[in-house]
Amino acid sequence: ITKMKALVNTPSGIILDANYPIPEPQVGEARLKIILAGICSTDLEISEGYKGFYGVLGHEFVGIIDKVSSEHLEHPFEWKPGMRVVSEINCVAEGPKVCEPGYCREHDPKRTAVGIFGHDGAFAEYLCVPICNLYRVPDEIQDELAVFTEPLAAACRIVEQIHVKPTHHIAVLGTGKLGVLIAQVLFMYTPNVTAIGRASQANFDILESLGIQTALVELELERHRHEYDMVVECSGSSSGFRSAVDLVKNQGVIVLKTTIHGLVDQVNLTDIAVREIRIVGSRCGPFAAALELLRHRRVDPSRIPQQIFPLEKGLDALEYARSHRSKKVILRP
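Everything quoted here is computed from the prediction, not taken from an experiment.

How each quantity is defined
- Residues numbered from 1 in each chain as written.
- Predicted model: local features only at pLDDT ≥ 70, side-chain atom pairs only at ≥ 80, totals over all residues.
- Heavy atoms only, no water.
- Helix = DSSP H or I, 4+ residues; strand = E, 2+ residues; numbered from the N terminus.
- Rg over C-alpha atoms; globule rule 2.2 N^0.38 Å.
- Buried < 20%, exposed > 50% of the residue type's maximum accessible area, 1.4 Å probe, protein only.
- Areas by Shrake-Rupley, 256 points an atom, 1.4 Å probe, with all protein chains shown as cover.
- Lys, Arg positive; Asp, Glu negative; His and termini not counted.
- Charge placed at Lys NZ, Arg CZ, Asp CG, Glu CD.
- Pairing = 2+ DSSP bridges.
- Right-handed = clockwise from strand over helix to strand, strands pointing away.
- Axes fitted to C-alpha atoms, helices over the stretch in contact; angles between N-to-C directions.
- Contact = heavy atoms within 4.5 Å.
- Phe/Tyr/Trp six-rings, centres within 6.5 Å; stacked < 30°, edge-to-face > 60°.
- Lys NZ or Arg CZ within 6 Å of the ring centre and 35° of its normal.
- Parallel < 35°, antiparallel > 145°, perpendicular 65-115°, else oblique.
- 1 Å grid on protein atoms, 1.4 Å probe; cavity = no way out; pocket = protein on both sides within 12 Å on 5 of 7 lines; lining within 4 Å.
- Points joined across faces, edges and corners; volume = space filled by probe spheres on them.
- Nonpolar A, V, L, I, M, F, W, Y, C, P; charged D, E, K, R; others polar.

1. Some details on the overall build of the chain
Within the chain one finds ten helices and 19 strands. Against the globule reference of 20 Å for 333 residues, the chain gives a C-alpha radius of gyration of 20 Å, in line with a compact fold. Taken along the three principal axes of its C-alpha coordinates, the chain extends 60 × 45 × 40 Å. The proportion of buried residues among the 333 residues of the chain is 53%. About 15200 Å² of surface is accessible on the chain, with carbon and sulfur atoms providing 52% of the total. Counting 35 positive and 41 negative side-chain charges, the chain places the centres of these two groups 1 Å from one another.

Right, dumping it as structure tokens:
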């Protein structure tokens, strides 16, 4: 068998290609048979022109090692066919630099990113990734939870970048899938977390059942303007950053998670400078930490409503994801 089904972004739109070539692992790579792949807002933004990427979409996934590159077959290496794994998405060719102290794969200028730029993604039956990107999934973690590893790692990245104190008051701006994960992670560090969304957004009931406060953005802008020590902007909207500036206190921190195709609404940069607001971009995070949280159920993504589609219905799944932003839509090849 040399062909597979794949959901491919092309210049004329997304297509389901039933004759896409099955990739062969190159030096230092493993081929995975995809079990589940999650659709996120970034996938939808790419389909609208973000990053200008054409190829197989998808970067949130869990799979089974199907094949490893030939140079690993003669060594008693830990990665073997049949192992269930997840993978970091930033890919860099192996070399001396990768082992240097302080090297950051996520910001290597020659990197590619699975399903985002330069590297085919997981909305397919098979995917090749560098072996050094892999993490074994503990048996205690079900596939339906393991598929959340990548976005949960992104949530964990925030506490790597910012020292969160128990006294901090934090606003999570956006109550979609990522917002629910971020709020749960931050709630482990401070009880003063408020998840802020719009009337059209769901998931307030999920957050409240976890003990996390919720609020509508319009009301919060009236009641608590310039009061939050930190605002995490993950609304997925062009107006989110402006709301974050209005909510954060002087000398506070705004953490940016939203990636959108296009420009944000007009922002007063003088106001940011005068109020000494610190802005921190935040992207990929620690997979090992995310897997530990899932293993011990300290963060529970199963509370997020899910809808699973077969890969053959991938185009329907993408449309469903566009109109149901609070749900996690998952593809099963």
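After that view of the structure, there is still more to cover.
2. Section: the pairing of strand 19 (residues 328-332)
Burial analysis of strand 19 places four of its five residues in the buried class, the great majority of the element. Across three bridges, strand 3 (residues 29-39) lies against strand 19 in antiparallel orientation. For G38, the partnering residue across the bridge sits in strand 19 and is I330. In this structure, strand 18 (residues 306-310) lies alongside strand 19, joined through five bridges in parallel fashion. Opposite Q307, over in strand 19, you have V329 as the bridge partner. Note that the unit made of strand 18, helix 10 (residues 314-323) and strand 19 has a crossover that is right-handed.

3. Quick look at the sheet that holds strand 13 (residues 193-197)
Read from one edge to the other, the open sheet built from six strands follows the order 14-13-12-15-16-17, with strand pairing classed as parallel. Across the chains shown, the open sheet's two edge strands, defined by having one partner strand only, are strand 14 (213-216) and strand 17 (278-281). Going across the sheet, the axis of each strand differs from the next one's by a mean of 20 degrees, ignoring polarity. Note that strand 12 (residues 170-173) and strand 13 share four bridges and pair parallel. If you follow I170 over to strand 13, its bridge partner there is V193. Packing against the sheet, helix 4 (residues 177-187) makes contact with strand 12, strand 13 and strand 15 (228-233), and its axis sits at approximately 165 degrees to strand 12.

4. A word on the packing of aromatic side chains
Applying the stated rule across the entire model yields two aromatic pairs. Seen from their ring centres, F309 and Y320 are 5.5 Å apart, and the 55 degrees between their planes marks the pair as tilted. Placement of F309 in strand 18 and of Y320 in helix 10 is noted, with a sequence separation of eleven residues between them. Overall, Y320 belongs to the buried group, its relative accessible area being 19%. For the cation-ring pair, R31 lies above Y126, with the distance from its terminal atom to the ring centre recorded as 5.4 Å.

5. Focus: the side chain of H168
With respect to the helices and strands, H168 occurs in the loop between helix 3 (149-161) and strand 12. For H168, a relative accessible area of 19% gives the class buried.

6. Quick look at the packing of helix 3 against helix 9 (residues 287-295)
It is the contact of helix 3 with helix 9, at a shortest axis distance of 8 Å, that shows an interaxial angle of 110 degrees. As far as their axial angle goes, helix 9 and helix 3 are roughly perpendicular. For the pair helix 3 and helix 9, the contacting residues are T149, E150, L152, A153 and C156 in the first and F287, A289, A290, L291, L293 and L294 in the second.

7. Structural notes on the sheet that holds strand 9 (residues 118-119)
What the three strands build is an open sheet, ordered 7-8-9; its pairing is mixed. Looking at which strands have only one partner, the edges of the open sheet turn out to be strand 7 (90-91) and strand 9. In this sheet, strand 9 lies alongside strand 8 (residues 112-114) in parallel orientation, the contact comprising two bridges. Along strand 9, the bridge assignment pairs A113 with G118.

8. A few points about unusual backbone geometry
We note that H226 has phi near 60 degrees; this positive angle belongs to a residue other than glycine. Assignment of secondary structure puts H226 in the loop between helix 6 (217-223) and strand 15. Here the phi dihedral of R297 falls at roughly 55 degrees; this positive angle occurs in a residue that is not glycine. Residue position: R297 is located in the loop between helix 9 and strand 18. Take R297: its relative accessible area is 45%, and that puts it in the partly exposed class.

9. Brief notes about the layout of surface pockets
Of the voids in this model, the second largest pocket is the one considered here, and its volume is about 230 Å³. Along its surface, the second largest pocket is lined by 13 residues, and E106, R157, E160, C284 and G285 are the ones closest to its centre. Per-element accounting of the lining of the second largest pocket gives the leading share, three residues, to helix 3. Split into classes, the residues belonging to the lining of the second largest pocket amount to three nonpolar, five polar and five charged.

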